[in-house]
Amino acid sequence: MITVCTATISGREEMLAECVESVKQQTLTVADHLILLDTERKGGAWTKQQLLEQVKTEWCILLDDDDLIDQDYCKRLIDEAGDADVIYGWCRSDVGFDNYNTHFSDSRLAIGESIVPQCAMFKTEAARAVGGVPQIEGYDLAMWRKMLANGCKFKSVPETLWTYRLSPKWWHESRP
């Protein structure tokens, strides 16, 4: 029913192992956890598109190697999905980042800013219908916008269900 896709790069093996463990611990069994090591550094958008092309389940989650999902993440989202095409829960963060903890009643509000996380669960065919993961910076927001324009329904579950991990060192070094 659900495939989790994780892009990774060299040097993040410890975080990847913890990410993989969080997927294995799900109370709702995940059909597959696809992982692709981007050895040529083509980027997250390219890597995630390669993974999305391999998904054979109705639902997909693009889970970054530095993020963790709580044990009941998949079950809570499936239980709450209803007629949604994209659904996500709130997060905790090690750097105080809380953009994703915004509840909305209208899907158009979900993508006014980047408040829908990459690790949202979405219908695989809905993403494929808009071309999948765009090969641009800000690809996750661009994909959500395309899906909204294509009639997809978004839903947030106002419960903390995953962890957005960024080390303060990486956060500061990656900023212009």
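Before reading on, note that the structure itself is shown above.
Description of the structure in this document. These numbers were taken from a predicted model, which means no experiment stands behind them. (Residues numbered from 1 in each chain as written. Predicted model: local features only at pLDDT ≥ 70, side-chain atom pairs only at ≥ 80, totals over all residues. Heavy atoms only, no water.)

**A closer look at the pairing of strand 7 (residues 154-164)**
In this sheet, strand 7 lies alongside strand 4 (residues 67-69) in antiparallel orientation, the contact comprising three bridges. Paired with Asp67 across the strands is Tyr164, a residue of strand 7. Here strand 5 (residues 86-93) pairs with strand 7 via eight bridges, running parallel. Bridge pairing in strand 7 links Tyr88 to Ser156. (Pairing = 2+ DSSP bridges. Helix = DSSP H or I, 4+ residues; strand = E, 2+ residues; numbered from the N terminus.)

**Side note on unusual backbone geometry**
For Arg41, which is not glycine, the phi torsion reads 55° and is therefore positive. With respect to the helices and strands, Arg41 occurs in the loop between strand 2 (32-37) and helix 2 (44-52). Here Arg41 falls in the exposed class, since its relative accessible area comes to 58%. (Buried < 20%, exposed > 50% of the residue type's maximum accessible area, 1.4 Å probe, protein only.)

**What about the sheet that holds strand 2?**
A sheet is described by the order of its strands in space; here seven strands give the open sequence 2-1-3-6-5-7-4, paired in mixed fashion. Each edge of the open sheet carries a strand with a single partner, namely strand 2 and strand 4. Adjacent strand axes in the sheet meet at a mean angle of 30°, parallel and antiparallel pairs treated alike. Examined bridge by bridge, strand 1 (residues 2-8) and strand 2 share six bridges and lie parallel to one another. (Axes fitted to C-alpha atoms, helices over the stretch in contact; angles between N-to-C directions.)

**A word on the pattern of salt bridges**
Here the structure, examined in full by the defined rule, presents 13 salt bridges. The shortest N-O distance in the salt bridge between Arg76 and Glu159 comes to 2.5 Å. Taken together, the residues Arg76 in helix 3 (residues 73-81) and Glu159 in strand 7 connect sequence positions 83 residues apart. Accessibility expressed as a relative area gives 31% for Glu159, which makes it partly exposed. (Salt bridge = Lys/Arg side-chain N within 4 Å of Asp/Glu carboxyl O.)

Everything listed here is a matter of geometry and, on its own, says nothing about what the molecule does.
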